Amino acid sequence: MPFEFSFTADQEAFRDAVRAFLQKEVAPIVGEMDEREEFPRGTVHRMQEEGYFGVPVPEEYGGLGLGKVGYCILLEELGKVDASHGTIVGAHTSLGTTPLLYYGSEAQKKKWLVPAAKGEKLLAYSLTEPGSGSDSGAVHTTAEPDGDGWVLNGTKLYCTNGREADTVIVMAANNVKLGPNGGVTAFLVDTNLPGFRVGRCEKKMGLHGTSTAELILDHVRVGADAVLGEVGKGFHVAMTALDVGRVSLGAASLGGMEAATREAIEFSKNRTQFGLPISEYEVIQFKLADMAMKIHALRFMVYHAAARQDALGHDPTRWSRLERQDKTREAAIVKCLASEWASEVIDEALQIHGGLGYIRGTPIERAYRDARISEIFEGTNEIQRLVVSRDLLARGI
Ligand SMILES: Cc1cc2nc3c(=O)[nH]c(=O)nc-3n(C[C@H](O)[C@H](O)[C@H](O)COP(=O)(O)OP(=O)(O)OC[C@H]3O[C@@H](n4cnc5c(N)ncnc54)[C@H](O)[C@@H]3O)c2cc1C
């Protein structure tokens with residue numbers, strides 16, 4: 001791959017269009033959304049109309065065809081304005097449309113991917129269960145063969161978009177004893193099917209615009225066409241989606257860091273103490289410099305990883321073992337550093353705001369609450385370090 005570290009004119013134009021849209025339509029409602037803890041239906045609908053729920057999906061399947069780089073541009077801009085909107089798009093796109101694009105049959109793409117990419121249907125992804133979080137292969141929701149279909153039973157936890165989704169990609173055990181290697185299958189479960197129910201929706205520290213839902217599957221019958229990928233290979237489907245999600249999470253973190261730093265710069269120039277703007281003090285200047293260094297490094301990391309994923313294409317059968325390993329290691333590195341740097345940068349930005357940073361309703365206070373989850377979801381950072389260290393010990397640096 002050549003060392004091209006610049007965006008095309010089309011990518012820049014897309015960024016400009018997204019930025020203008022978010023400033024006009026999303027920024028004005030975010031404070032109230034956070035306060036009311038409401039899913040932002042109106043702005044999600046407008047984003048669906050603009051095609052923002054299908055950015056990396058090829059045009060032939062109803063998307064904008066802008067690849068992972070275009071998708072990361074969207075997530076970076078969303079990260080600057082609101083993490084809830086970014087998470088809603090991410091759960092739908094990285095975790096919903098990716099498995100369909102990579103593993104779906106042509107019939108499944110027509111039925112589920114096209115309406116999702118066009119913004120007519122919302123997707124969610126459900127791997128986590130009450131007893132299975134980091135140990136995500138230990139799936140206990142069962143899938144029993146039933147004639148030409150399957151019957152699913154179990155309880156899923158913490159599903160983003162779970163309350164609003166039209167279809168959830170549910171990981172269920174076709175054989176509990178086999179575990180992740182042969183025992184887990186990915187199913188496309190339409191939420192209007194008999195036996196599917198949304199249970200408790202969590203109250204959270206941040207991401208107040210998103211739903212985090214318990215899903216109850218009580219004898220939900222799905223057809224044979226609901227199996228996404230091969231029977232027994234669902235864990236692989238789930239992990240491949242997370243490789244995309246972890247890079248886009250990096251892009252959203254990047255946007256959050258940029259917005260917080262911009263706020264901190266402005267505030268430090270305007271806040272006078274001891275007769276000088278606080279930006280004149282070296283302690284504040286060095287904080288800002290450290291923030292900028294992390295942003296600079298992360299920007300290259302995110303877009304490098306996204307460009308490499310684009311170069312790989314969306315047919316997993318064509319990827320070599322080495323390419324898969326590189327992709328997974330790079331995604332884990334991006335996710336882990338991005339989320340920790342975002343927490344650090346936003347924390348410093350809050351510190352620069354002094355007491356005001358702790359006051360409810362300021363953008364920096366919301367950003368601080370919203371950022372913390374990125375160290376936990378899509379695999380905790382301890383798990384990212386396990387992924388990276390295992391690969392290092394097997395293959396070296
Ligand atoms: C807001 C929100 C949205 C979410 N959205 C989704 C979603 O859309 N779909 C979905 O499927 N899931 C979702 N999740 C679930 C999320 O991915 C899990 O919470 C996460 O993977 C951690 O699992 P856990 O909470 O069970 O923690 P646990 O696995 O119980 O971990 C507890 C602690 O132990 C550590 N730990 C565990 N095992 C090890 C080990 N081997 N070595 C070292 N440390 C270890 C963890 O790192 C963590 O610090 C969401 C969660 C939240 C809070």
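The residue numbers shown here count from 1 along each chain, following its written sequence. For this predicted model, a pLDDT threshold of at least 70 governs which residues receive local features, and a threshold of 80 or more governs which side-chain atom pairs are given and counted, while totals over whole chains, interfaces and linings are taken from all residues. Processing note: side-chain calculations cover all non-hydrogen atoms of the structure and skip hydrogens and water entirely.

1. Observations concerning the packing of helix α8 (residues 321-352) against helix α9 (residues 363-371)
Rules: Structural elements are reduced to axes, namely lines fitted to C-alpha atoms, with helices fitted over the stretch in contact, and the angle between N-to-C directions of any two is expressed from 0 to 180 degrees. Helix numbers and strand numbers start at the N terminus; a helix is a DSSP run of H or I with at least 4 residues, a strand a run of E with at least 2. For this classification, under 35 degrees means roughly parallel, over 145 means roughly antiparallel, 65 to 115 means roughly perpendicular, and everything else is oblique. Less than a right angle of anticlockwise turn of the near helix away from the far helix marks a crossing as left-handed, whereas a clockwise turn marks it as right-handed. Residues are treated as being in contact if the distance between any of their heavy atoms lies within 4.5 Å. Under the scheme applied here, ten amino acids are nonpolar (Ala, Val, Leu, Ile, Met, Phe, Trp, Tyr, Cys and Pro), four are charged (Asp, Glu, Lys and Arg), and all others, including Gly, are polar.
At a minimum axis distance of 9 Å, the contact between α8 and α9 shows a crossing angle of 155 degrees. When the interaxial angle is binned, α8 and α9 end up roughly antiparallel. Crossing of α8 against α9: the hand is left-handed. Residue-level inspection shows Ser 343, Ile 346, Asp 347, Ala 349 and Leu 350 of α8 in contact with α9, the latter providing Ile 364, Ala 367, Tyr 368 and Ala 371. For the contact of α8 with α9, the class distribution of residues is seven nonpolar, one polar and one charged.

2. Side note on the domain arrangement of the protein
Just so we agree on the cut-off: Delimitation of the domains relies on an automatic or database domain assignment. Accessible area that two parts lose when put together, with a 1.4 Å probe and added across both, is what the buried area reports. In the sections that follow, a salt bridge refers to a side-chain nitrogen of Lys or Arg positioned within 4 Å of a carboxyl oxygen of Asp or Glu. We call two N or O atoms a polar contact when they sit within 3.5 Å, provided that within protein one can donate a hydrogen and the other can accept it, with sequence-adjacent residues counted only if both atoms are side-chain atoms.
Partitioning the protein into structural domains gives domain 1 (9-122), domain 2 (124-228) and domain 3 (234-395). Averaged C-alpha coordinates put domain 1 and domain 2 at centres separated by 23 Å. Counting residues at the interface gives 25 residues for domain 1, matched by 21 residues for domain 2. For the pairing of domain 1 and domain 2, the buried interface totals around 2,000 Å² over both sides, and the portion due to carbon and sulfur atoms is 58%. The three residues of domain 1 that bury the most area against domain 2 are Glu 37, Trp 112 and Leu 122, which together make up 33% of that side's buried surface. Where domain 1 touches domain 2, the interface holds two salt bridges. When the shortest N-O distance is used, the salt bridge between Lys 111 and Asp 225 registers 3.4 Å. Between the two partners, domain 1 and domain 2, sit ten residue pairs in polar contact (both at pLDDT 80 or more). Listing elements by their share of the side of domain 1 that touches domain 2, those giving two or more residues are α1 (9-36), α4 (83-103) and α5 (106-118). In terms of residue count, the dominant contributor to the side of domain 1 that touches domain 2 is α4 (eleven residues).

3. Points about the packing of aromatic side chains
For clarity, the threshold we go by: Between rings of Phe, Tyr and Trp, where Trp is taken as its six-membered ring, a pair exists when centres lie within 6.5 Å; planes separated by under 30 degrees are stacked, by over 60 edge-to-face, and by other angles tilted. Only protein chains enter the calculation, and the probe is 1.4 Å; a residue is then buried if its accessible area is under 20% of its type maximum, exposed if over 50%, and partly exposed in between.
Scanning all chains against the criterion turns up five aromatic pairs. On the numbers, 5.3 Å between centres and 85 degrees between planes, the contact of Phe 21 with Tyr 52 is edge-to-face. On the criterion of sequence distance, the pair formed by Phe 21 in helix α1 and Tyr 52 in the loop between α2 (41-49) and α3 (67-81) is long-range, its members being 31 residues apart. This pair shows no difference in class: Phe 21 is buried, exactly as Tyr 52 is.

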